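Summary of the model geometry
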Amino acid sequence: HKVVALQVPREDEFAPVKNAPGAASESPDTARQLFSALCRRRLVAAGASVTRSDGTDDAADLVEIDAALSYAGEGLEHLAGKEFKTPVLIRP
């Protein structure tokens, strides 16, 4: 058997859930925020813009990319130049 270790960006691959909802850290709420921030970064990297419905740029609003469309940020090039208002769910 071989052992392989991967070094990955923590903010892209790790969102612990150890505490109850509403806790300040390591809760379902903070995991949701971390995943939303990851999806936002992937949209921006693809050339899209993401703003709140009220026009401000608040990273706290939820953004989600359906894994059926993109698992790791690939295949989002067709979203370049598009503007999304939060909350937003991007589906195939």
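All of the points below concern the structure found in this document.

1. Let's talk about the nonpolar core
The nonpolar side chains of a soluble globular protein tend to be buried with one another. Core analysis: the largest hydrophobic core is formed by 13 residues, its most contacted members being Leu43, Val63, Ile65, Leu76, Leu79, Phe84 and Ile90. When sequence neighbours within four positions are dropped, the list of residues in contact with Leu43 reads Ala48, Val50, Val63, Ile65, Leu79, Phe84 and Ile90.

2. Focus: the side chain of Ser70
Summarising the element assignment, Ser70 is placed in the loop between strand 2 (63–65) and strand 3 (83–86). For Ser70, a relative accessible area of 5% gives the class buried. Separated by 2.9 Å, the side chain of Ser70 and the backbone nitrogen of Gly73 make a polar contact. For Ser70, the side chain forms a polar contact with the main-chain oxygen of Glu74, separated by 2.8 Å.

3. Description of a nonpolar patch on the surface
Nonpolar side chains collect at one region of the surface, where Val4, Leu6 and Val8 lie side by side and expose about 330 Å² of accessible area between them. In this structure Val4 comes out as exposed when scored by relative accessible area, which is 66%.

4. Thoughts on the pattern of salt bridges
Scanning all chains against the criterion turns up five salt bridges. Asp12 serves as the salt-bridge partner of Arg41, at 2.8 Å between the closest nitrogen and oxygen. Separated by 29 residues along the polypeptide, Arg41 in helix 2 (residues 28–45) and Asp12 in helix 1 (residues 10–13) bring together distant segments of the chain. When its relative accessible area of 27% is taken as the criterion, Asp12 is described as partly exposed. A salt bridge links Lys18 to Glu26, with the shortest nitrogen-to-oxygen separation between them at 3.8 Å. We classify Lys18 as exposed; its relative accessible area is 61%.

5. Considering the side chain of Ser27
As for its placement among the helices and strands, Ser27 is situated in the loop between helix 1 and helix 2. Aside from chain neighbours lying at most four places away, what touches Ser27 is Pro16, Val17, Asn19, Ala20, Pro21 and Gly22.

6. Focus: the pairing of strand 3
Here strand 3 shows a buried face lined by Phe84 and Thr86 and an unburied face lined by Glu83 and Lys85. With four bridges joining them, strand 1 (residues 49–52) and strand 3 adopt parallel strand pairing. Bridging from a neighbouring strand, Thr51 pairs with Lys85 of strand 3.

About the cut-offs
Residues numbered from 1 in each chain as written. Predicted model: local features only at pLDDT ≥ 70, side-chain atom pairs only at ≥ 80, totals over all residues. Heavy atoms only, no water. Core = buried A, V, L, I, M, F, W, Y, C linked by side-chain atoms within 4.5 Å. Buried < 20%, exposed > 50% of the residue type's maximum accessible area, 1.4 Å probe, protein only. Contact = heavy atoms within 4.5 Å. Helix = DSSP H or I, 4+ residues; strand = E, 2+ residues; numbered from the N terminus. Polar contact = N/O pair within 3.5 Å; in protein donor to acceptor, adjacent residues only side chain to side chain. Patch = residues over 30% accessible without salt bridge, like charges linked within 9 Å, V, L, I, M, F, W, Y side chains within 5 Å. Areas by Shrake-Rupley, 256 points an atom, 1.4 Å probe, with all protein chains shown as cover. Salt bridge = Lys/Arg side-chain N within 4 Å of Asp/Glu carboxyl O. Pairing = 2+ DSSP bridges.

So far we have only geometry, and geometry alone does not tell us how the molecule works.
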